[in-house]
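A look at the structure
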Amino acid sequence: MTAKTMTTSSAAGARSVLLPAIAAFAIGFGLIFVSGLVQAETLHDAAHDTRHAVGFPCH
Amino acid sequence: MMPRMTRVTPSASPATEMFSRIVTSGLIAGAAAGLIAALLQLWFVQPVLLHAELYESGQLTHFGAETVSAHQNLGPFEWSRNMLSVLFTMMVYAGYGLMLVALMAVTEVQGNTVSARQGLLWGLAGFVTMQLAPAFGLAPEVPGVAAADVQLRAIWWLGTAVATGLALWLIVFGKGWAAWGAAIILIIAPHLIGAPQPDSYAGPVPPELAAEFAGRSLGVGAMAWTLLGLLSGWLWQREAQGAPVPQAA
């Protein structure tokens, strides 16, 4: 009984964590992609020094 | 045992609550570590970058007719340029913070406890993933060095970060030699394939400056990443403990 409750709750816990975690991870990657890797000229010029300093491939 | 069971109670903690906990911890830790990183960069990295730009733009010539002094006037503090750099460095670290805390949250459901002390290790792993492993093939470049096509480098850079991150995950959370073997392959493969390299070493920047830049970039990265991990772990644990049981509105 107890074991069953725990399994159900941890499975539901995993579900309620996985989706928000994937969403937050994707937003985080988006931030890095925009500030670090997109080659659009304005963006590149504004982020130029940061890209060099954090070691992203710049130009 | 007791506090963990209350924390994992699913009906009291819907996905939106979890999302806001991840985003709060990740963004605060990321912005704080990013601000420190930006200040360290302005102090230690930017002077090397500006110095190299004098060679990149042709104002100075390495091995030219006359000997060039290693001490150059780098001009006044450029506010708008440097504030943009602070903003973008904070954005990059906010991104790192979100990804880091999202992964922390996933491991916690599987029984791993995340604390500030554990956060230090997470931060080191993040540094290895996002900076050290890519730098093994593509050292942080000062402006004006010779390099291969930027798209090719970006693909290799990203692939190396993904492979290394996955490998570290398998080493820590994987069980058995199948997982660990895969981890070793994932760590080494990008470097056996090799990063895109330039056809010739035609960069006009003195190697002394390029080396100093690479060392400082990695050093600042290591400092900022360990801080990011520490803060992320601490904030995440604090959020988890202090999280009030959400009431249905």
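Residues numbered from 1 in each chain as written. Chains lettered and ligands numbered in written order. Predicted model: local features only at pLDDT ≥ 70, side-chain atom pairs only at ≥ 80, totals over all residues. Heavy atoms only, no water.

Under an unreviewed UniProt entry, the name given to chain A is CbtB-domain containing protein, and the source organism is Paracoccus kondratievae.

Now for the confidence of the model for chain B. Mean pLDDT over chain B stands at 91; residues scoring 70 or higher make up 92%. With pLDDT under 50 throughout, residues 245-249 of chain B is counted as low confidence; its partners more than four residues away or in other chains account for five contacts. (pLDDT = per-residue confidence, 0-100. Contact = heavy atoms within 4.5 Å.)

Glancing now at the layout of surface pockets. Its volume calculated, the largest pocket comes out at about 790 Å³. When contributions to the lining of the largest pocket are tallied by element, the ones reaching two or more residues are α1 (2-37) of chain A together with α3 (79-109), α4 (116-137) and α5 (150-173) of chain B. Ranked by the residues each element gives to the lining of the largest pocket, the list is headed by α5(B), at 10 residues. Taken together, the residues of the lining of the largest pocket break down into 23 nonpolar, five polar and no charged. Looking at the second largest pocket, its volume works out to about 440 Å³. Around the second largest pocket, the lining comprises 22 residues; the ones closest to its centre are Glu141(B), Val145(B), Ala146(B), Pro198(B) and Tyr201(B). Considering each element in turn, the lining of the second largest pocket owes the most residues, three residues, to helix α7 (residues 207-242) of chain B. Looking at side-chain class alone, the lining of the second largest pocket contains 17 nonpolar, three polar and two charged residues. (1 Å grid on protein atoms, 1.4 Å probe; cavity = no way out; pocket = protein on both sides within 12 Å on 5 of 7 lines; lining within 4 Å. Points joined across faces, edges and corners; volume = space filled by probe spheres on them. Helix = DSSP H or I, 4+ residues; strand = E, 2+ residues; numbered from the N terminus. Nonpolar A, V, L, I, M, F, W, Y, C, P; charged D, E, K, R; others polar.)

With that settled, consider the interface of chain B and chain A. The interface is formed by 47 residues belonging to chain B together with 37 residues belonging to chain A. Roughly 3,600 Å² is buried in total at the junction of chain B and chain A, and carbon and sulfur atoms are behind 77% of that figure. Per-residue buried area on chain B facing chain A is highest for Phe88(B), Met99(B) and Trp157(B); these three make up 16% of the total on that side. For the pair chain B and chain A, the interface holds one salt bridge. One salt bridge connects Arg81(B) with Asp49(A), and the closest N-O pair in it is separated by 2.6 Å. Inspection of the region where chain B meets chain A yields eight residue pairs in polar contact (both at pLDDT 80 or more). Of all the secondary structure elements, the ones that give two or more residues to the side of chain B that touches chain A are α1 (2-8), α2 (15-56), α3, α5 and α7 of chain B. Looking at the side of chain B that touches chain A, its residues break down into 33 nonpolar, nine polar and five charged. (Buried area = accessible area lost by both parts, 1.4 Å probe. Salt bridge = Lys/Arg side-chain N within 4 Å of Asp/Glu carboxyl O. Polar contact = N/O pair within 3.5 Å; in protein donor to acceptor, adjacent residues only side chain to side chain.)

Quick look at empty space enclosed by the protein now. One pass over the full model with this rule turns up three cavities of 30 Å³ or more. Estimated volume of the second largest cavity: approximately 70 Å³. When residues of the lining of the second largest cavity are traced back to their parent elements, those giving at least two are α2 (41-54) of chain A together with α2 and α3 of chain B. The dominant element in the lining of the second largest cavity, judged by the number of residues it contributes, is α2(B), at five residues. Broken down by class, the residue content of the lining of the second largest cavity amounts to five nonpolar, four polar and one charged.

Let's shift gears to the pattern of salt bridges. Residues and elements named next belong to chain B. Enumeration over the complete set of coordinates arrives at five salt bridges over all chains. Among the ionic pairs, Glu53 bridges to Arg81, the shortest N-O distance being 3.1 Å. Taken together, the residues span a long stretch of sequence, with Glu53 in helix α2 and Arg81 in helix α3 at a distance of 28 residues.

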